[in-house]
Amino acid sequence: MKQIFKKIKFKYAALLLLFVAVSCQSDYLETTPTDRLGYSDVVEKPQGLMNIINGIHRDMYVRTPYGQGYNGQTGAIVMFDSMADDLVHTGTGANWHIADLRWLSADIDTSTGTNYPWRFYYKIIGNANIVIDNAPKVFIEPSNQVVETALRDKALGEAYAYRAWAFFQLVQIYSKRYDKTLANNDADGGVILRLTNSLDPMKRSTVKETYDQIHLDLDKAIALLAGKTRDHKSQFNVSIAKGIKARVYLTQQEWALAAQLANEARGTLPLMTNAEYVLGFNKISNNEWMWASEILPDNTDYFGNFGAYMSRNYNSTTIRTAPKAIYRPLYDAFPSTDIRKANFDPTGNHTSLGLPSNYTKRPYTSQKFLSVSVSDSRCDVPYMRVAEMILIEAEALARNGQEAASKTVFEILAKNRNPSYTSTNTGAAYITEIMNSRRLELWGEGFRWFDLKRLNLPVERNRMNGVTVPTANVNHVASVINSTYIIANTDPRWQFKIPRQEIDSNPLCKQNQ
């Protein structure tokens, strides 16, 4: 399998899939043959379309033009979790993601914070559109019709899934939060729904139109991927498409549909064991991981990898001097019998890791993510896990008034992570219990900022569920966060500015106010 993906890497490099930063500018595929491959070789055969999809898989973790620390989706995970409350930067280190931590970027239309997500997700959309535009026209070898038709449909299904996922990320970041009770979901600015590689100026869709298109794309992906197998967990299958649809329905407060799709997505897939839970969250072979990136040695980016920012053991300035910690009130909310607490050290010494003497030791730091070694920052990165699907199903059922059914589902996870688990919570207290479990379970995996936005909640770095905590228990450092302890749910920075480059080149695109 590794040899297969090494070949994919070189094919992708030869194709030079160089899409530009914004949705409306000249998105293109390099047409000059490189290593004997040109545009027509790519788009006229099913394998060529699949090579484009494999290039998108790789884009999930390679460096963007915004440089070190902003590598595809892996960099976005660090960026958005830094903007929330449960990921603590214990120092400024080399200042990576500190502007995000302090909320200094979202309202500046020329900042890295506003431009990086826009560029990254529209690059995925542009590549997906090439597959979608050309799939109906590819040549199917008559002597191999069944195999090549299946390969074409698989590439097309993955393209629709990627486009839907990218639009979903964009609408959460650059639009107001979705609220099904508000009529103005039709009026507020959505994103630019580029469904072809046309360069014509386009206005922004409505929020409703954006979500409608996301569902259309996911439905097509589910139909095309049904019955298809995959070679690697970086690829989509029908379960991943359904898992994304469950996320979308959860954001739209469509509780019954969110629960149904989350249940279908996880199917009979297992949770990891408690022994596996503390092995470093760095192996794509983990049975619970549904969708993930594997970082092979010849694809490594050294100081750009996820492990260079979120592991505890790699020899980078950020990790040596400013290790990431869990928000102490969240840690304190769980009993010692919960295995998830074992991934955080309240002393900060991490004696089991044998860290070099020049590593700063700070309380409540994480060893959830471990890189290959002190000298190798590679760390496979999960994007979807069975635990997330259980949490979506449990939350959606509870919010839909089906508490008994919710508890049946939630206890699958709760008793797996803590064999001593018991609870008498009901109503709002039970929903809070689910959400706290979600915060601990998915810590550092890129969900918290999006959860706060969809639930219309503030960032709270000196409170726990709205209750002020003792100063001694607050481990966010005032000088590091620039005393940014609270970001109100009404703060306009929850809706990122559209990049200035997009506004200047697309006269129909309206800026957020």
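Everything that follows concerns the structure shown earlier in this document.
Every value quoted in this text rests on a predicted model; they were computed, and no experiment measured them. (Residues numbered from 1 in each chain as written. Predicted model: local features only at pLDDT ≥ 70, side-chain atom pairs only at ≥ 80, totals over all residues. Heavy atoms only, no water.)

**Student:** Provide a residue-level description of the pairing of strand 2 (residues 289–293), including the pertinent values.
**Tutor:** Taken across its five residues, strand 2 has five buried, putting it largely inside the fold. Of the pairings in the sheet, the one linking strand 2 to strand 6 (residues 381–385) comprises four bridges and is antiparallel in character. Bridge assignment links Trp289 to a residue of strand 6, and that residue is Arg385. (Buried < 20%, exposed > 50% of the residue type's maximum accessible area, 1.4 Å probe, protein only. Helix = DSSP H or I, 4+ residues; strand = E, 2+ residues; numbered from the N terminus. Pairing = 2+ DSSP bridges.)

**Student:** Pulling in residues and values, what's your account of helix 4 (residues 72–82)?
**Tutor:** The element helix 4 is extensively covered by neighbouring structure, given that eleven of its eleven residues are classed as buried. Taken as a whole, helix 4 has its buried residues at Gly72, Gln73, Thr74, Gly75, Ala76, Ile77, Val78, Met79, Phe80, Asp81 and Ser82.

**Student:** Which residues make up the packing of aromatic side chains, and what values go with them?
**Tutor:** Summed over all chains, the structure comprises 31 aromatic pairs. For the pair Tyr162 and Trp165, a centre-to-centre distance of 6.5 Å together with 70 degrees between the ring planes defines the contact as edge-to-face. Taken together, the residues span about one helical turn, with Tyr162 and Trp165 both in helix 7 (residues 145–174) at a distance of three residues. When its relative accessible area of 2% is taken as the criterion, Trp165 is described as buried. A centroid spacing of 5.1 Å and a plane angle of 80 degrees characterise the contact between Tyr277 and Phe281, whose relative ring orientation is edge-to-face. With a relative accessible area of 1%, Tyr277 lands in the buried category. Relative accessible area serves as the criterion here: at 4%, Phe281 is assigned to the buried category. (Phe/Tyr/Trp six-rings, centres within 6.5 Å; stacked < 30°, edge-to-face > 60°.)

**Student:** Account for the pattern of salt bridges, naming residues and giving values.
**Tutor:** Counted by the stated rule, this structure contains 35 salt bridges. The residue Glu441 makes a salt bridge to Arg340 at a minimum N-O spacing of 3.1 Å. Taken together, the residues Glu441 in helix 17 (residues 427–441) and Arg340 in the loop between helix 14 (328–332) and strand 4 (344–345) connect sequence positions 101 residues apart. Per residue, the accessibility class of Glu441 equals that of Arg340, and both read buried. A salt bridge links Arg399 to Glu395; its shortest N-O distance comes to 2.9 Å. In this pair, Arg399 and Glu395 are both assigned in helix 15 (residues 386–399), four residues apart and thus about one turn of the helix distant. Among the charged side chains, a salt-bridge network with shared partners connects Glu288, Asp338, Arg340, Lys368, Arg385, Arg417, Glu441 and Glu445. (Salt bridge = Lys/Arg side-chain N within 4 Å of Asp/Glu carboxyl O.)

**Student:** Residues and numbers for the environment of Tyr178, please.
**Tutor:** Within the secondary structure, Tyr178 sits in the loop between helix 7 and helix 8 (207–225). By relative accessible area, which is 13% here, Tyr178 ends up buried. Taking the C-alpha atoms as reference points, Tyr178 and Lys208, 30 residues apart in sequence, are found 8.5 Å from one another. Sequence-distant contacts of Tyr178, that is, excluding residues within four places in its chain, are made with Asn185, Val207, Tyr211, Thr251, Gln252 and Gln253. (Contact = heavy atoms within 4.5 Å.)

In short, shape yes, function no, at least from these values alone.
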